[in-house]
Amino acid sequence: MGYESSTKAELVLNRISKRQQAGRCYSPQTQAERQILSALTATGRIVRPMRGMYMTADYFGSLSQNPHDLWRTIQYSYIDEHPEETLCLYSAALHFGLWIPNSCLGKIYLASNDPGHGWTKPEIRHVHCRRGSIDIVNGVSTTTLYQTAMDCMLKLAFPEALAVADSVQRLYGISNEELKRYLRQHGVRRHGIARARMAVEHMDGRSENGGESIVRGKLIELGFAPPTDLQVEARDPIMPDKKMRIDMMYLLPSGARIAVEVDGMIKYRGENSASGKPVEDVLVAERQRESHLTAAGYRVMRVLFKRINEPGYLEQLCYAFNIPSLPSVSLTY
């Protein structure tokens, strides 16, 4: 690359850096910039996460550690270029900070008045939304929080819908009755409304993350009773000055207490745990924690998150720990 080309490339890189400081991708303004960015992309210094958007490879790598952060940056960059558009469905959910599955990332969902609207580009989807359900949050036009939550719950399977509902209550303090009322008013005859209503019936903002919500939803979906309590604090009999917090707890008719611990979402990912400790140390600490829970009178039911969709896995666990069943409920419509 010649001196002049190198100087132009540095100018473009400086512009990219300024956009990244604002939490945005960079969109080229001229054909000459597009050519420079194409050359930089070929060297690996620049990444194109979406058509017409660029960021440095280092910035992309840091955002990729949390796909929600990466896609939020992409969609806000798009809205900067198209301020007349309104975010809806999963894109609006990201804006509100609600939990959504990573599988729902990868497209920008925009509200449309036209029922016939659909795909306009591979990464853009227009979705028909009722007028009057639009809000302005931090300068960005979105469907309202209630509308966004309902739309997501209607589309998702029950365990994921429950995770959305839990996050609504956890982040915004909205009660079950408030969201039930909204569904009664705006969800009549919508496909998936029974599933959404069931999610709101069981929503609990004490659930700390989507993984725990999904496990709880899976238990309910399989016909087992929901946990008796969430985020239970138990006194540690071995170390009396400390308390142990349990993800979910069942109090059985026999008086037995079952501590349900969800493993594998973050704790053992990669070489190190989320705390920065070696995996071996984390495993030793978990075994010690389990022995302390046992000493406190709990039976510990460990659920491996990566296995919850395996046929029979959760059922056999629940049978082994005598988790009570409930009458089956259809969650399809």
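Note that the structure is predicted; figures quoted are calculated from it, not measured.

What counts as what
Positions within a chain are numbered from 1, following the residues in the order the chain's sequence is written. Per-residue local features of the predicted model are confined to residues with pLDDT of at least 70, and side-chain atom pairs are confined, for both listing and counting, to 80 or more; whole-chain, interface and lining totals are unaffected and use all residues. As a rule here, side-chain values cover all heavy atoms of the structure and leave hydrogens and water aside. Two rings from Phe, Tyr or Trp (for Trp, the six-membered ring) form a pair when their centres sit within 6.5 Å of each other. Planes less than 30 degrees apart are called stacked, planes more than 60 degrees apart edge-to-face, and all others tilted. Two limits define a charge over a ring: the Lys NZ or Arg CZ must be within 6 Å of the ring centre, and within 35 degrees of the ring normal. A run of H or I in DSSP becomes a helix once it reaches four residues, and a run of E becomes a strand once it reaches two; helices and strands are each numbered from the N terminus. The term salt bridge refers to a pairing of a side-chain nitrogen on Lys or Arg with a carboxyl oxygen on Asp or Glu at a separation within 4 Å. Fitted lines through C-alpha atoms give the axes, limited to the stretch in contact for helices. The angle between two N-to-C directions lies from 0 to 180 degrees. Convention used here: angles under 35 degrees read as roughly parallel, angles over 145 as roughly antiparallel, angles from 65 to 115 as roughly perpendicular, and any remaining angle as oblique. Here, residues are in contact when the closest pair of their heavy atoms is within 4.5 Å. Polar here means any residue other than Ala, Val, Leu, Ile, Met, Phe, Trp, Tyr, Cys and Pro, which are nonpolar, and Asp, Glu, Lys and Arg, which are charged; Gly is therefore polar. Buried Ala, Val, Leu, Ile, Met, Phe, Trp, Tyr and Cys residues that are joined via side-chain atoms within 4.5 Å together make up what is termed a nonpolar core. Each residue is assigned to one of three classes by its accessible area relative to the maximum for its type, calculated with a 1.4 Å probe on protein chains only: buried under 20%, partly exposed between the two thresholds, exposed over 50%. Side-chain atoms alone can form a polar contact between residues adjacent in sequence; in general such a contact is a pair of N or O atoms within 3.5 Å, and within protein one must be able to donate a hydrogen while the other accepts it.

*Asks:* What should I look at first to understand the packing of aromatic side chains in this one?
*Replies:* To describe a pair of aromatic rings, one takes the distance between the centres and the angle between the planes. Considering all chains together, one arrives at four aromatic pairs under this definition. The ring of Tyr 298 has Arg 257 lying over it, and the distance from NZ or CZ to the ring centre is 4.3 Å.

*Asks:* What should I look at first to understand unusual backbone geometry in this one?
*Replies:* We note that Leu 89 has phi near 50°; this positive angle belongs to a residue other than glycine. Inspection of the secondary structure puts Leu 89 in helix 5 (residues 89-96). Backbone geometry at Asn 322 places phi at a positive 60°, although glycine is not the residue there. For Asn 322, the location among the structural elements is in the segment after helix 12 (313-320).

*Asks:* Is there a simple way to explain the pattern of salt bridges in this structure?
*Replies:* Oppositely charged side chains are able to pair whenever their charged atoms sit close together. Using the criterion set out here, one finds 18 salt bridges in the structure. The closest approach of N and O atoms between Lys 243 and Glu 233, which form a salt bridge, is 3.8 Å. In this pair, Lys 243 is assigned in strand 9 (residues 243-251) and Glu 233 in strand 8 (residues 229-235), connecting sequence segments ten residues apart. Through salt bridges that share partners, Arg 19, Arg 24 and Asp 80 make up one connected network.

*Asks:* For this particular structure, what's the right way to read the packing of helix 4 (residues 67-81) against helix 5?
*Replies:* In a packed pair of helices, the relevant descriptors are the angle between the two axes and the axis-to-axis distance. In the contact formed by helix 4 and helix 5, the axes pass within 10 Å of each other and the chain directions differ by 110°. By the angle between their directions, the pair helix 4 and helix 5 is classed as roughly perpendicular. Contact residues: His 68, Trp 71, Arg 72, Gln 75 and Tyr 76 in helix 4; Ser 91, Leu 94 and His 95 in helix 5. Residues of the contact of helix 4 with helix 5, tallied by class, amount to three nonpolar, four polar and one charged.

*Asks:* It is not clear to me how the nonpolar core should be interpreted in this structure. Could you clarify?
*Replies:* One recurring pattern in soluble globular proteins: nonpolar side chains tend to sit buried together. Core analysis: the largest hydrophobic core is formed by 78 residues, its most contacted members being Met 153, Met 301 and Val 303. Per-element tally for this core: the top contributor is helix 7 (residues 158-172), with seven residues. The contacts of Met 153, once residues within four sequence positions are left out, are Ala 161, Val 164, Ala 165, Leu 179, Arg 195, Ala 196, Ala 199 and Val 200.

*Asks:* For this particular structure, what's the right way to read the environment of Asp 80?
*Replies:* In this structure, Asp 80 sits in helix 4. Separated by 56 residues in the primary sequence, Asp 80 and Arg 24 place their C-alpha atoms 8.9 Å from one another. Excluding anything up to four places from it in sequence, Asp 80 contacts Arg 19 and Arg 24. Within the local environment of Asp 80, its side chain forms a polar contact with the side chain of Arg 24, the two groups lying 2.8 Å apart.

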